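# Structural overview for review
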Amino acid sequence: MNVSLTERFQRITTFIFDIDGVMTDGSVLALESGEQARTFNVRDGYGINRAVRMGYRVGIISAQNQVGVRKRLEYLGVKDIFIGSSPDGKLAIYEKYLHDNNLKEDEIVFMGDDLPDYEVMLRKDALGACPADSAPEILGIADYVSPANGGHGAVRDLIEQVMKAQGTWMKWFEGK
């Protein structure tokens, strides 16, 4: 059975994102303090906050672990934050997250951009998405490739596509 992308978007209840190269452009500013600062796109943040406020689950699985990044995600309303994991250990975290929250893979969209995301992206029932500037191996297996690059609206684009397919994108403003 060939299911359209719109039909797959209509099943999504949960967004899971990598950080570097997805929520950021992959650049790292190494500060004297040792912190490795990242820059986030405000529209991506708005999309994440909108999704959370409309009842979608949003999870983060990333190897990097910076206090500022966690604070940014918490500010946006994200509660399911798994950062500081091994870059090669995302699949185990993903599977445990699904199990602990009683989620089915066809309800999940995972957005990654590079080889540490490969195993999760290969999951046959989950929807794999990536930014336009992802590694060739990820572009080759993604179900959806955003026209935007990582850190430049790819997260917002994915959230918007899913919410528009479900008719929830503009619901926030109805009745105001």
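Here, every reference points to the structure presented above.
A few points on the structure. (Residues numbered from 1 in each chain as written. Predicted model: local features only at pLDDT ≥ 70, side-chain atom pairs only at ≥ 80, totals over all residues. Heavy atoms only, no water.)

For the protein, the count of helices and strands is seven helices and eight strands. Computed over C-alpha atoms, the radius of gyration of the protein comes to 15 Å, within 12% of the 16 Å expected from 2.2 N^0.38 for 176 residues, which places it in the range of a compact globule. By its C-alpha atoms, the protein is 50 × 40 × 30 Å across when sized along the principal axes. For the protein, the residues scored as buried account for 46% of the 176 residues in total. Pairs at least 24 apart in sequence give 56% of the contacts found in the protein among residues at least 6 apart. As displayed, the protein offers around 8,900 Å² of accessible surface, 49% of which is attributable to carbon and sulfur atoms. Here the protein contributes 20 positive and 26 negative side-chain charges, whose respective centroids are spaced 9 Å apart. (Helix = DSSP H or I, 4+ residues; strand = E, 2+ residues; numbered from the N terminus. Rg over C-alpha atoms; globule rule 2.2 N^0.38 Å. Buried < 20%, exposed > 50% of the residue type's maximum accessible area, 1.4 Å probe, protein only. Contact = heavy atoms within 4.5 Å. Areas by Shrake-Rupley, 256 points an atom, 1.4 Å probe, with all protein chains shown as cover. Lys, Arg positive; Asp, Glu negative; His and termini not counted. Charge placed at Lys NZ, Arg CZ, Asp CG, Glu CD.)

Time to look at the sheet that holds strand S4 (residues 57-62). Spatially, six strands are ordered S5-S4-S1-S6-S7-S8 in an open sheet, and the strand pairing comes out parallel. Whereas interior strands pair on both sides, the edge strands pair on one side only; in this sheet they are strand S5 (80-83) and strand S8 (144-145). Here four bridges tie strand S1 (residues 14-17) to strand S6 (residues 108-111), and the two strands are oriented parallel to one another. Residue threonine 14 lies in a different strand from S6, and its bridge partner there is isoleucine 108. (Pairing = 2+ DSSP bridges.)

The final tally for this structure, using the stated rule, is four aromatic pairs. Plain terms: the ring middles of phenylalanine 9 and tyrosine 144 are 5.5 Å apart, the flat faces sit at 75 degrees to each other, and that makes the pair edge-to-face. With phenylalanine 9 in helix H1 (residues 5-10) and tyrosine 144 in strand S8, this pair connects stretches of sequence that are 135 residues apart. Aromatic rings pair up to connect Phe15, Phe17 and Tyr56 into one cluster. When the ring centre of tryptophan 169 is taken as reference, the NZ or CZ atom of arginine 50 above it lies at 4.6 Å. (Phe/Tyr/Trp six-rings, centres within 6.5 Å; stacked < 30°, edge-to-face > 60°. Lys NZ or Arg CZ within 6 Å of the ring centre and 35° of its normal.)

So, on to unusual backbone geometry. The backbone phi angle of asparagine 102 is positive, close to 50 degrees, even though this residue is not glycine. Within the secondary structure, asparagine 102 is located in the loop between helix H4 (90-100) and S6. When its relative accessible area of 69% is taken as the criterion, asparagine 102 is described as exposed.

The grouping of Leu115, Tyr118 and Leu122 at the surface amounts to a nonpolar patch, some 270 Å² of accessible area in total. Tracing the backbone through its elements, the reader meets leucine 122 in the loop between helix H5 (118-121) and strand S7 (127-130). (Patch = residues over 30% accessible without salt bridge, like charges linked within 9 Å, V, L, I, M, F, W, Y side chains within 5 Å. Salt bridge = Lys/Arg side-chain N within 4 Å of Asp/Glu carboxyl O.)

As enumerated under the stated definition, the model contains 11 salt bridges in all. One salt bridge in this structure joins arginine 123 and glutamate 95, with 2.7 Å as the shortest N-O distance. Placement of the pair is arginine 123 in the loop between H5 and S7 and glutamate 95 in helix H4, with a sequence separation of 28 residues. Given the relative accessible area of 37%, glutamate 95 is considered partly exposed. Here glutamate 105 makes a salt bridge to arginine 123, at a shortest N to O gap of 2.9 Å.

A few words on helix H7 (residues 154-166). Between its terminal C-alpha atoms H7 stretches 19 Å, which fits the 18 Å expected from 13 residues at 1.5 Å a residue. Considered for burial, the residues of H7 that qualify are Ala154, Val155, Arg156, Asp157, Leu158, Ile159, Glu160, Val162 and Met163. Its buried side turned inward, H7 meets H1, S1, helix H2 (42-53), S6, S7 and S8. Glycine 167, located one to two residues past H7, shows a positive phi value of around 75 degrees. (Expected span 1.5 Å × (residues − 1).)

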